[in-house]
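Here's the letter readout for the chains.
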Amino acid sequence: VSIMEKQVLASPEERTFQYQDSLPSLPVPPLEESLSKYLDSVKPFLNQEEYKRTEDIVKKFGNGIGKELHQKLLERAKTRRNWLEDWWLNVAYLDLRVSTQIYCNMGGAAPFIEHYWPPKEGTQIERASMNIWHNLKLWELLRIEKLPIERAGNTVLDMNQFRMLFCTCRIPGVTRDSIGSYFKTETEGECPSHVIVLCRGRVFSLDAIHEGNMVTPPEIFRQLTYIQKKCHSEPDGPGVAALTSSERTTWAKLREYLIGLDPKNLTLLEKIQRSLFVVSLDDASPHATPEDYSEVTKLGLTGDPTIRWGDKSYNVIGFSNGTYSVLSDHSALDGMALISLFTHAEKMIGSEKVRDIPWPEELVFTVDQKVLSGIGHAKELYYSKVSDLQLVNYAFTSFGKALIKKKELHPDTFVQLALQLAYYKNHGRPGCCYETATTRRFYHGRTETIRSCTMEAVEWCKSMLDPSDSNYQRLQLMHKAFGKHNKMRRECENGKGFDRHLLGLQILAQEQGLPVPELYTDKAFTASGGGGNFVLSTSLTGYYRFNGCALPMVHHGYGFFYNIRDDRILAVCSAWKSYPETDADVLCRTVFQCFQDMLQLTLAAQL
């Protein structure tokens, strides 16, 4: 084992999934606490009269139907280690009928260009071989449970999402999708071991294990060269993958039709579902620099749909100039699991052996005119939707985590408050904001919402824009806003947030066939972001080099995703062009300006 690999392995006595059974259950917070936090969160968006009305609605809910629903939720939580899990999967993901590949998937550019792989034509296959091999090594580590357990401080985090990285796929259903997950550890039994390669509308399957041993980078190179030569010298395939970008019910019906057309098609679809992951050999050559990844990130999310299997847990997209991005279905996992995976993958170096392995098998679907026109229609719709996307991925290089921590400020809160200020500056009003907090301290925990747009943040924004306020006042207000945000983050991570709690109560009312409680139809609920109406959809993608993003939650909103390194901050900002008032480029640059203003404020106040 090389020194490089040592950093990746778990400590000898620990197994990746060994603490799964001892993780605490997801708690249900007290109703009064959740309601009072909710009331606090709607203040920035209401006038006094509206607030009074909402206060009455919340009080009525807390003493009446809310109380009954809360009791039922406590009952449910008694028999489940995670009362939210199935509900969240369905409501947030599987019940959606829009094109999830466009509106729900995550993606991001790989930072390889900054170190060993600057953009260079003619490197696609060579780099793809190394990249595939890295991912296979991690699959191997996960199979023997040697991927390190993640912790927050000393607290063990739930590792279940790592099972969803490999051999996992979303499967379309007419009214609700499902997830097929076929990963098994070595002790659990056999696990699929093939990778799907998509190239020019064709589909190939490549075996990762030959005669009991993992394929080496040169062996993968040989297999990919075969695929590339074949695809470049013959006509393009039908591009069945494009169907995964359709609206879910359309795709589900076409999939059923495909299976009826020829039972072999089902075998091929299952082969793709069960595969470790998908590799896309993309002919595009996106421009990329360490300061500007916009094109790579955008193409990863919105490039050629005939070579992206949108339902797969992840597609590794290798462009013709050797740049990389990733596209991932969001339903079974959150971004940090992918980011951890790729951060580990960067640390390994390969071997040189080449065996005479059978060529990759091509998966040739039986198609007819109906399927072909379905594919054509899917591509047309896809391109018309994604052409509306505006996305930038810039690096702010003046400073990063090191300097912010030196000022004794929390780096994540620093970015969130800069975003609040930037939105306020550009739009003249507070922007309701969703920031992801992780609840992985709990069994199968996923996320909770931190509502970053607090009264404290708004007061500070107003002060920053009021020329008559002193720097001393501004700094006091900034520290108050920081304190509030840090407290909310801690509460959310410890299962004391309120958005998932309110969602649980809402779903219970629905399941009981009760009328929708007034709390959820009140203007304040939507205005403050409830029901998926957050104008700013944001997440910290960690303190590593990998950055990821998703698209805005609403038509008039923004996606803002960022990773914070020691010396810089990378941000991905997106918006829809058809909404004239939003501009991702302007917002991103304004945020960067606000970083400077906040730093100046800490300096000015010291004078």
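Residues numbered from 1 in each chain as written. Predicted model: local features only at pLDDT ≥ 70, side-chain atom pairs only at ≥ 80, totals over all residues. Heavy atoms only, no water.

(A) Examining the side chain of His330 more closely. Along the chain, His330 falls in the loop between strand 12 (324–328) and helix 12 (335–345). Those residues in contact with His330, other than ones at most four positions away along the chain, are Tyr93, Cys104, Asn105, Met106 and Arg446. (Helix = DSSP H or I, 4+ residues; strand = E, 2+ residues; numbered from the N terminus. Contact = heavy atoms within 4.5 Å.)

(B) Looking closely at the nonpolar core. Residues Tyr38, Trp460, Leu519, Val591 and Phe595 are the most contacted members of the largest nonpolar core, which totals 85 residues. Top contributing element to this core by residue count: helix 21 (residues 584–604), with 10 residues. Taken together, domain 1 (20–79 + 397–605) and domain 2 (90–388) each give at least three residues to this core, which thus spans both. What Phe595 contacts, discounting residues up to four positions off in sequence, is Phe396, Phe399, Phe414, Val415, Ala418 and Ile569. Counting 57 residues, the second largest nonpolar core, distinct from the first, contains Ile125, Leu142, Leu147 and Phe183. (Core = buried A, V, L, I, M, F, W, Y, C linked by side-chain atoms within 4.5 Å. Buried < 20%, exposed > 50% of the residue type's maximum accessible area, 1.4 Å probe, protein only. Domains from an automatic or database assignment.)

(C) View of the sheet that holds strand 16 (residues 447–451). Spatial ordering of the open sheet is given by 14-19-18-17-15-16, a layout of six strands whose pairing is mixed. Of all the strands in the sheet, the pair left with one neighbour each is strand 14 (389–396) and strand 16. When the angles between neighbouring strand axes are averaged without regard to direction, this sheet yields 20°. Across three bridges, the pairing between strand 15 (residues 433–438) and strand 17 (residues 536–540) is parallel. Considered in strand 17, the bridge of Tyr434 is made with Ser537. The strands touched by helix 21 within the sheet are strand 14, strand 17, strand 18 (558–564) and strand 19 (569–576), with strand 14 carrying the most contacts at an inclination of about 25°. (Pairing = 2+ DSSP bridges. Axes fitted to C-alpha atoms, helices over the stretch in contact; angles between N-to-C directions.)

(D) Representation of the pattern of salt bridges. Per the counting criterion, the structure on display carries 43 salt bridges. Between Glu140 and Lys137 there is a salt bridge whose closest N-O contact spans 3.2 Å. One end of the pair, Glu140, and the other, Lys137, are both in helix 7 (residues 124–143), three residues apart, so they sit about a helical turn from each other. What you see here is one network of salt bridges that share partners, running through Arg97, Arg170, Asp177, Arg248, Asp311 and Asp329. (Salt bridge = Lys/Arg side-chain N within 4 Å of Asp/Glu carboxyl O.)

(E) Expanded view of the domain arrangement of the protein chain. Along its sequence, the protein chain is organised into domain 1 (20–79 + 397–605) and domain 2 (90–388). For domain 1 and domain 2, the distance between their C-alpha centroids amounts to 32 Å. Residue-level contacts link 33 residues of domain 1 with 43 residues of domain 2. If you sort the residues of domain 1 by the area they bury against domain 2, Arg440, Arg446 and Phe546 come out on top, with a joint share of 30%. For Arg568, the salt bridge is made with Glu291, and the minimal N-O distance between the two is 3.6 Å. At the boundary of domain 1 and domain 2, one finds 16 residue pairs in polar contact (both at pLDDT 80 or more). For the side of domain 1 that touches domain 2, the elements supplying multiple residues, two or more each, are helix 18 (499–511) and strand 19. The element contributing the most residues to the side of domain 1 that touches domain 2 is strand 19, with four residues. Its residues assigned to classes, the side of domain 1 that touches domain 2 shows 15 nonpolar, 11 polar and seven charged. (Buried area = accessible area lost by both parts, 1.4 Å probe. Polar contact = N/O pair within 3.5 Å; in protein donor to acceptor, adjacent residues only side chain to side chain. Nonpolar A, V, L, I, M, F, W, Y, C, P; charged D, E, K, R; others polar.)

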